[in-house]
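Tertiary structure, described
The lines below spell out each chain.
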Amino acid sequence: MHIHNPLSQQPLCLICHQPVRKEPSLFTLVYDTPLCTSCLSQFETIHYVGLFHDVKITILYRYNAFFQTLLFRYKGQYDYELRNAFTVNFHHFLSQYFHNHVVVVAPSDDIANQKRGFIPTAGIASSFSSDIFTGLYKKAPFKQAEQSFEGRQKIKDIIDIKNGDVLRKKKVLLFDDVITSGSTLEKCLELICLYHPTSIEILVLATRSFHLEKNF
Ligand SMILES: [Zn+2]
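The rules we used
- Residues numbered from 1 in each chain as written.
- Predicted model: local features only at pLDDT ≥ 70, side-chain atom pairs only at ≥ 80, totals over all residues.
- Heavy atoms only, no water.
- UniProt positions renumbered as here; feature names shortened; annotations may be inferred.
- Helix = DSSP H or I, 4+ residues; strand = E, 2+ residues; numbered from the N terminus.
- Buried < 20%, exposed > 50% of the residue type's maximum accessible area, 1.4 Å probe, protein only.
- Contact = heavy atoms within 4.5 Å.
- Areas by Shrake-Rupley, 256 points an atom, 1.4 Å probe, with all protein chains shown as cover.
- Salt bridge = Lys/Arg side-chain N within 4 Å of Asp/Glu carboxyl O.
- Donors = N, O, S within 2.8 Å, 3.2 Å for Na, K, Ca; no water.
- Tetrahedral: all angles 85-135°; square planar, octahedral: opposite > 155°, others 65-115°.
- Pairing = 2+ DSSP bridges.
- Arc of directions from axis to C-beta.
- Phe/Tyr/Trp six-rings, centres within 6.5 Å; stacked < 30°, edge-to-face > 60°.
- Core = buried A, V, L, I, M, F, W, Y, C linked by side-chain atoms within 4.5 Å.
- Domains from an automatic or database assignment.

An unreviewed UniProt entry lists the protein under the name Phosphoribosyltransferase domain-containing protein, with Sharpea porci as the source organism. The record in UniProt for the protein states the following under Sequence similarities (unreviewed entry): "Belongs to the ComF/GntX family."

1. What about the overall build of the protein?
Across its full length, the protein holds 9 helices and 8 strands. Burial analysis of the protein (216 residues in total) assigns 49% to the buried set. Partitioning the contacts of the protein with sequence separation of at least 6, the portion at a separation of at least 24 is 70%. Roughly 11700 Å² of accessible area belongs to the protein as shown, and the carbon and sulfur atoms make up 53% of that amount.

2. Structural notes on the pattern of salt bridges
Enumeration over the complete set of coordinates arrives at 7 salt bridges. Between Glu-44 and Arg-62 there is a salt bridge, with its nearest N and O atoms 3.9 Å apart. Linking Glu-44 in the loop between helix H2 (37-40) and strand S1 (45-52) with Arg-62 in strand S2 (residues 55-62), this pair joins segments that are 18 residues apart in sequence. On the basis of relative accessible area, Glu-44 is assigned to the partly exposed category, the value being 37%. A salt bridge links Asp-177 to Lys-75; its shortest N-O distance comes to 2.7 Å.

3. Brief notes about helix H8 (residues 183-193)
With 8 of 11 residues buried, H8 lies mostly within the body of the structure. When we look at burial in H8, the residues that qualify are Ser-183, Thr-184, Leu-185, Lys-187, Cys-188, Leu-189, Leu-191 and Ile-192.

4. A look at the coordination of the zinc ion
Ideal geometry at a metal centre: 109.5 degrees between donors when four sit tetrahedrally, and 90 or 180 degrees when six sit octahedrally. Of the protein atoms, only Cys-13 (SG), Cys-16 (SG), Cys-36 (SG) and Cys-39 (SG) coordinate the zinc ion, at distances of 2.3 Å. Relative to the metal, the 4 donor atoms surrounding the zinc ion lie at angles of 103 to 117 degrees, and the coordination shape comes out tetrahedral.

5. Topic: the sheet that holds S2
The strand order across the open sheet formed by 6 strands is S1-S2-S8-S7-S3-S4, and the pairing between neighbours is mixed. Each edge of the open sheet is held by one strand with a lone partner, namely S1 and strand S4 (132-133). Sheet analysis places S1 next to S2, joined by 6 bridges and oriented antiparallel. The residue of S2 that forms the bridge with Val-49 is Thr-58.

6. Looking at helix H3 (residues 65-75)
Of all the residues in H3, the buried ones are Phe-66, Phe-67, Leu-70, Leu-71, Arg-73 and Tyr-74. Down the axis of H3, the sector holding all buried residues measures 160 degrees, keeping them to one side. Structural note: H3 exposes Ala-65 and Phe-72 on the side pointing more than 90 degrees away from its buried face. Looking at the buried positions of H3, the neighbouring elements they touch are H2, S2, helix H6 (120-125), strand S7 (171-179) and strand S8 (199-207).

7. Some thoughts on the packing of aromatic side chains
Under the definition given, this model contains 14 aromatic pairs. Aromatic pair Phe-90 and Phe-93: ring centres 6.4 Å apart, planes at 65 degrees, arrangement edge-to-face. A relative accessible area of 7% means that Phe-90 is categorised as buried. On the accessibility criterion, Phe-93 (28% relative accessible area) is partly exposed.

8. Things to note about the nonpolar core
As a rule of thumb, soluble globular proteins bury nonpolar side chains together. Among the nonpolar cores identified, the biggest contains 37 residues, and Ile-15, Leu-35, Phe-67, Phe-86 and Phe-175 are the most heavily contacted of them. By residue number, the principal contributor to this core is H3, which donates 5 residues. Shared between two domains, this core holds at least three residues of each, these being domain 1 (1-41) and domain 2 (43-215). Excluding residues within four positions of it along the chain, Phe-67 makes contact with Phe-43, Tyr-61, Arg-62, Phe-86, Asp-177, Val-178, Leu-205 and Ala-206. With 26 residues, the next largest nonpolar core counts Ile-59, Ile-192, Ile-200 and Ile-202 among its residues.

9. Here's the deal with the pairing of S2
Within S2, 7 of the 8 residues are buried, leaving the element largely enclosed by the surrounding structure. Following S1, the chain reverses through 2 residues before pairing antiparallel with S2; His-53 in that reversal takes a positive phi of roughly 50 degrees. By the bridge criterion, 5 bridges tie S2 to S8 in an arrangement that is parallel. Within the sheet, the bridge partner assigned to Ile-57 lies in S8 and is Ile-202.

Below, the structure is given as structure tokens:
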């Protein structure tokens, strides 16, 4: 049954499901954003650019309470529509800047992904790229947040790569949602480099760290 909604002409915000009001700002005039201005304003943008093991890394947001909740709705409650919410502020930049890159997504838990029916990082990457590589995987389930420093080092032993040949002579963008210790990304870089891509860069959505230069 279809219930008539007088506001149905207006798209609904992916996060709060309220109508996205077209307020006269340059942003809403240029981009057809699926988020309302109130939700957009809760992303704490940092747009950090630096080096991680001599590789250029870009981090878009601070991992604040809003981001944490949003990521949980997406990954923990399987709200797949939210995949398009995370990069709205940067959609133009990402799709232009990385249009000729293969986006290699950091590995996630296969068992959890089977329950979800989707790979969270690949879903988000699909909001700005159509060339996505999902060959990085974990040989065993591993919850990084529950591990000690030594435990996090062990993650390097359980990440592996398959079909890496497609990365040869390609521009690679390694993508992850959150950077914690950096050991996952470090291992991913190591595996990708075995296939000698033309270039490699890293994009991460959010960081918990307030001392970016020192803590990862
Ligand atoms: Zn909203």
